[in-house]
Each structure stands twice: as C-alpha cells, then as structure tokens.
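So you can see what is in the structure, the chains are spelled out below.
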Amino acid sequence: ELKNTFFPKEKSLVPEDWVELSGYLLEKLYGDLTRAEEYLRSQIEDLRSMLEISVRLAPENPASHYNYAKYFLENGNFENSKQELKHSIDCFEKLQKLSKKDIYRQIDACRLLGERYASTREYLKAQETYTKGITLFQNENQKNGFSGDKNTGMLYADMGNLEYFISGDMDAALKNYEMAVKNKNDVPSVNYKIGVINYEKNEYDKALVSFLKAAETEDGDENLLMALGNVLSLKGDNFAAEGYYSHLLGLLDKEKGRRVMLFPHTKNEDNILLEQYVKVNNNLGVTLY
C-alpha cells in the first residue's frame, strides 16, 4: 500500500526512503514468507524501477547498490551484480560510521562478490574478497562482541571451499568450516567436509560426530553413507558399519535396476555407479569377514 502511494513519483520520498522501501520489497519478493503471507509475493511489482530510483537518488548509499546487486543475482545477471557489489563495498569503506545492519550488509557483499569471482575461477580475487569480509567480522567481534549471522557462516564456508578444493590446505579449511558451523551455517555439506578432513587426519571420533550430524537431514546421500560405514569399520564397530553398507548397497541396487544397461566406458555416471558398487561390496565383504 505504501509503495502504491509513492511510486512512481520520485520526489514523493527522500532518497533514503527509496532505498529502504525497495530493499524491503526485495526481501519480500525473494526471501522467506509465512504461509499466510505467501499470496502477497505475486503482488510485488515495479521492483527494478524502484531499485533504479534508489541507486540514482542515493548513489553514495552502499545499501542501494547492495540491494540492486542482489536483484541482479536473483535474475541471473551476474556481470551487473558484480559491478554493483563492487560499488557497494567501495561505498561501505567510505562511511565514517557503520550501523550494525551496515556491517552485516558489507560482510554479505564481500561473500557475494567473492562467490562471483570463484564462479569465474578468479580464485585470488575471491580469496582477497572473502578475507576482507572475514577481517571485518573478526574486528567487530573483538571490539564489541558482534555476532555473525547465517551469511557470515556462509562466508567462512566459501573460504573453506577455496582451501579444500583449490589450495589443498586442509588445516585452514577445517578452521573455516568450524567457524561456519559456529556462525549459524550448521548444514550437512559443511559437516560432511569437516568429517572428511578429520577422517584423513585419523581423527575418527570427530569424523563420526560430523558425519552423523550431516546424516540427520541427508540420510540418503551415497557418499555420506559410505563415509559412515568406513569410519565405523575403522573404529571396530562392524555391526553398525554393516548396517550403513547394506543400506547403501540397497540404494545402489535400486539405481542399477532403473538402468537397463550400464555403459561405464562411455557414460561417466555409469562408471561412477559401477565403481561405487564395487567399493561397497568390497567393504561390506571385509566387514562381514
């Protein structure tokens, strides 16, 4: 109702109000809504026009660029999102004083821009941008106990992924994944990678805890079931290991049954299935023995 009162008359609101109104509607359009409010999502119109007004009238306000960048991300316009995120971070760095909301936005802008760099394999730029966001969070946390949100946890997970998949620094990756969990990003993918790293370090008790946390919501994931079977077997808990291997073998049998013929030499997905099938049978055999 407020939007319909003021839009499209630019002078009906001051620039800061356009930034707030467009940002509010952006979150409602693409964010989580209650079931009772869900029907309102389809009624949100003219969002891009309002975001353009906010950027035009408040070019020095980092939130205007941050909101516009998120709009571009939601609509697959990655190059424009990258440019707006750069503008946003530049504007944040020029502010003499940051509100709590500004700090959360700046941290998230660093995360989103770093992800854009990582998606185009500009890993050094991604690392620099992630580091900028993490440093900001750590400084604010040390100064006044500033607490991280889910986006902060996702930023740590992104940094961990660079170290896990690109640089191969498993110790640094583990620290960042643990910080991700600590900062409200306690998700199966992060717990699984924590488990894998601890498994490789022969820390089987720690690995088991992380794998079990991941399995709370991803109990049908084939790699996770294999990992659980392996770590339990190495710990000498063969009956539990047998249960996970048998469950996984049942899933693979169903998947194999859905394919009339397997062509592992020409189809990568068939080759992966066959390798997994052989490994599970082998490990189950060892465990039964």
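All of these numbers come straight from a predicted model, not from anything done at the bench.

A.B. asks: Any chance you could break down the overall build of the protein chain for me, citing the residues and the numbers?
C.D. replies: Along the protein chain, the regular secondary structure elements total 14 helices and zero strands. When the helices and strands of the protein chain are listed from N to C terminus, the series reads α-α-α-α-α-α-α-α-α-α-α-α-α-α. The C-alpha atoms of the protein chain give 24 Å as radius of gyration, which overshoots the globular expectation for 289 residues (19 Å, by more than 25%). Each principal axis of the C-alpha atoms in the protein chain carries an extent, and together these give about 80 × 45 × 40 Å. Among the 289 residues that make up the protein chain, the fraction classed as buried is 43%. Summarising the internal contacts of the protein chain: among those between residues at least 6 apart in sequence, 53% fall at separations of at least 24. Accessible surface for the protein chain amounts to roughly 16,500 Å². Of this, 51% is attributable to carbon and sulfur atoms. Charged side chains in the protein chain number 37 positive and 46 negative. The centres of these two groups are separated by 2 Å.

A.B. asks: How would you summarise helix α7 (residues 123-144) if you had to cite specific residues and measurements?
C.D. replies: Taking 1.5 Å of rise per residue, the 22 residues of α7 would be expected to cover 32 Å, and the 32 Å separating its terminal C-alpha atoms lies within 8% of that figure. Of all the positions in α7, only Ala126, Thr129, Tyr130, Gly133, Ile134, Leu136, Phe137 and Glu140 are classed as buried. For α7, the angular spread of the buried residues around the axis is 145 degrees, confining them to a single face. Opposite the buried face of α7, by more than 90 degrees, sit the exposed residues Leu124, Glu128, Gln142 and Lys143. Structurally, α7 contributes buried residues whose contacts are with α6 (100-119), α8 (150-167) and α9 (170-182). Downstream of α7 by a residue or two, glycine 145 has a phi angle that is positive, lying close to 70 degrees.

A.B. asks: Give me the packing of aromatic side chains: which residues, what numbers.
C.D. replies: The tally for this structure, following the rule as stated, stands at ten aromatic pairs. Between the aromatic rings of tyrosine 164 and phenylalanine 165, the centroid separation amounts to 4.7 Å while the plane-to-plane angle is 70 degrees, which identifies the pairing as edge-to-face. We classify tyrosine 164 as buried; its relative accessible area is 18%. The exposed category is assigned to phenylalanine 165, whose relative accessible area is 55%. Judged by centre distance (6.0 Å) and plane angle (65 degrees), the ring pair of tyrosine 164 and tyrosine 177 falls under edge-to-face. In this pair, tyrosine 164 sits in helix α8 while tyrosine 177 sits in helix α9, placing the two residues 13 residues apart along the sequence. We note that tyrosine 164, like tyrosine 177, is buried.

Basis of the calculations
- Residues numbered from 1 in each chain as written.
- Predicted model: local features only at pLDDT ≥ 70, side-chain atom pairs only at ≥ 80, totals over all residues.
- Heavy atoms only, no water.
- Helix = DSSP H or I, 4+ residues; strand = E, 2+ residues; numbered from the N terminus.
- Rg over C-alpha atoms; globule rule 2.2 N^0.38 Å.
- Buried < 20%, exposed > 50% of the residue type's maximum accessible area, 1.4 Å probe, protein only.
- Contact = heavy atoms within 4.5 Å.
- Areas by Shrake-Rupley, 256 points an atom, 1.4 Å probe, with all protein chains shown as cover.
- Lys, Arg positive; Asp, Glu negative; His and termini not counted.
- Charge placed at Lys NZ, Arg CZ, Asp CG, Glu CD.
- Expected span 1.5 Å × (residues − 1).
- Arc of directions from axis to C-beta.
- Phe/Tyr/Trp six-rings, centres within 6.5 Å; stacked < 30°, edge-to-face > 60°.

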